[in-house]
Amino acid sequence: MSKAVPIITNVQMSASEVPLGKPFNIKVTSNNQGDTADIQIVSISFPNLTSIDNSDIITIKNHNFNQKPEFVKTGEEIGSKYSGLSKATTAKYPFIEFYSRPWKTDAIYQAEIEIKPLNIGRFVIFIKAVSLPHNNEISHYPQTGIKDHQEEFVEVYSVNVRD
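Predicted, not measured: the structure shown is a model, and the values here were computed from it.

### Side note on the overall build of the chain
Secondary structure assignment for the chain yields zero helices and 14 strands. On C-alpha atoms alone, the chain measures out to a radius of gyration of 15 Å, which is about the 15 Å that the 2.2 N^0.38 rule sets for 163 residues. For the chain, the spread of C-alpha atoms along the principal axes amounts to about 50 × 30 × 30 Å. A sequence separation of at least 24 residues applies to 72% of the contacts in the chain between residues at least 6 apart. Of the roughly 8,000 Å² of accessible surface on the chain, 46% is carried by carbon and sulfur atoms. Averaged over its 16 positive side-chain charges, the chain has a centre that lies 1 Å from the centre of its 18 negative ones.

Set out below in structure tokens:
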């Protein structure tokens, strides 16, 4: 059985604070340090947003993933607990899934997005990586911490948006 090991190796944010109406960038780098994965996903979620339909908020600047990124809207049916749709739930906030199929050992993929927050305060971003098939705890990154709306572990990043 294949044992892929997804890792987020780097997250670069262009700012820790931005004025309202000004964008910031986030660049996520991931790799697979185990066996080739059928699919490996890097998910970037936006728990402060209700929608990313407006292209003024989120712009994909570039990526080198094999497949086209998938925008998931609030209210869509999504998998949970690393089980795919066998344990479905509803998206409580929007996110983007970047993925490659297959994702070979040591292959590195990156995505850079621009975000223009609409409200003053802490703008939060959740990031995780999951390989499929999901065999055990090494099939996702991170392996501990807080959980998102899919009941899966995430790394938390934020930017302070000021007036």
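Moving on from the model shown.
### Considerations on the pattern of salt bridges
For the structure on display, the rule yields four salt bridges. Note that Glu 17 and Arg 162 form a salt bridge whose closest N and O atoms lie 2.7 Å from each other. You can see Glu 17 sitting in strand 2 (residues 17-19) and its partner Arg 162 sitting in strand 14 (residues 153-162), a full 145 residues away along the chain. Since its relative accessible area comes to 38%, Glu 17 is described here as partly exposed.

### Topic: the packing of aromatic side chains
For the coordinates displayed, the defined rule picks out six aromatic pairs. Judged by centre distance (6.0 Å) and plane angle (75°), the rings of Tyr 93 and Phe 126 are edge-to-face. Of this pair, Tyr 93 sits in the loop between strand 8 (88-90) and strand 9 (95-100) while Phe 126 sits in strand 11 (residues 121-132), and the two are 33 residues apart along the sequence. Here the two residues Tyr 93 and Phe 126 agree in accessibility, since each one is buried. Counting every residue linked through ring pairs, the aromatic cluster contains Phe 65, Phe 98, Trp 103 and Tyr 109.

### Regarding the pairing of strand 4 (residues 39-45)
Within a regular beta strand, the side chains point alternately toward one face of the sheet and then the other, so they alternate between its two faces. Counted residue by residue, strand 4 has seven buried out of seven residues, so it is predominantly covered. Two strands pair when backbone bridges link them, and strand 4 and strand 11 are joined in this way by seven bridges, in the antiparallel orientation. Paired with Ile 44 across the bridge in strand 11 is Ile 127.

### Notes on the sheet that holds strand 10 (residues 108-115)
Taken in spatial order, the four strands make up an open sheet running 1-3-10-5, and their pairing is antiparallel. Where the open sheet ends on each side, the last strands, each with one partner, are strand 1 (6-13) and strand 5 (58-63). Put simply, the sheet's adjacent strands are angled 20° from each other on average, direction ignored.

### Structural notes on unusual backbone geometry
A cis geometry characterises the amide bond from Arg 101 onward to Pro 102, with omega recorded as -10°. Mapping Pro 102 onto the fold places it in the loop between strand 9 and strand 10. A cis amide bond links Tyr 141 to the next residue, Pro 142, at an omega of 0°. Among the secondary structure elements, Pro 142 is positioned in the loop between strand 12 (140-141) and strand 13 (146-147). Despite not being glycine, Asp 106 has its phi angle at roughly 65°, a positive value. The topology assignment puts Asp 106 in the loop between strand 9 and strand 10. Its relative accessible area of 55% is what places Asp 106 among the exposed residues.

### Description of the environment of Lys 92
For Lys 92, the position within the fold is in the loop between strand 8 and strand 9. A relative accessible area of 58% places Lys 92 in the exposed class. Lys 92 has contacts with Thr 74 and His 149, leaving out every residue within four places of it along the chain.

Reading the values: rules and limits
- Residues numbered from 1 in each chain as written.
- Predicted model: local features only at pLDDT ≥ 70, side-chain atom pairs only at ≥ 80, totals over all residues.
- Heavy atoms only, no water.
- Helix = DSSP H or I, 4+ residues; strand = E, 2+ residues; numbered from the N terminus.
- Rg over C-alpha atoms; globule rule 2.2 N^0.38 Å.
- Contact = heavy atoms within 4.5 Å.
- Areas by Shrake-Rupley, 256 points an atom, 1.4 Å probe, with all protein chains shown as cover.
- Lys, Arg positive; Asp, Glu negative; His and termini not counted.
- Charge placed at Lys NZ, Arg CZ, Asp CG, Glu CD.
- Salt bridge = Lys/Arg side-chain N within 4 Å of Asp/Glu carboxyl O.
- Buried < 20%, exposed > 50% of the residue type's maximum accessible area, 1.4 Å probe, protein only.
- Phe/Tyr/Trp six-rings, centres within 6.5 Å; stacked < 30°, edge-to-face > 60°.
- Pairing = 2+ DSSP bridges.
- Axes fitted to C-alpha atoms, helices over the stretch in contact; angles between N-to-C directions.

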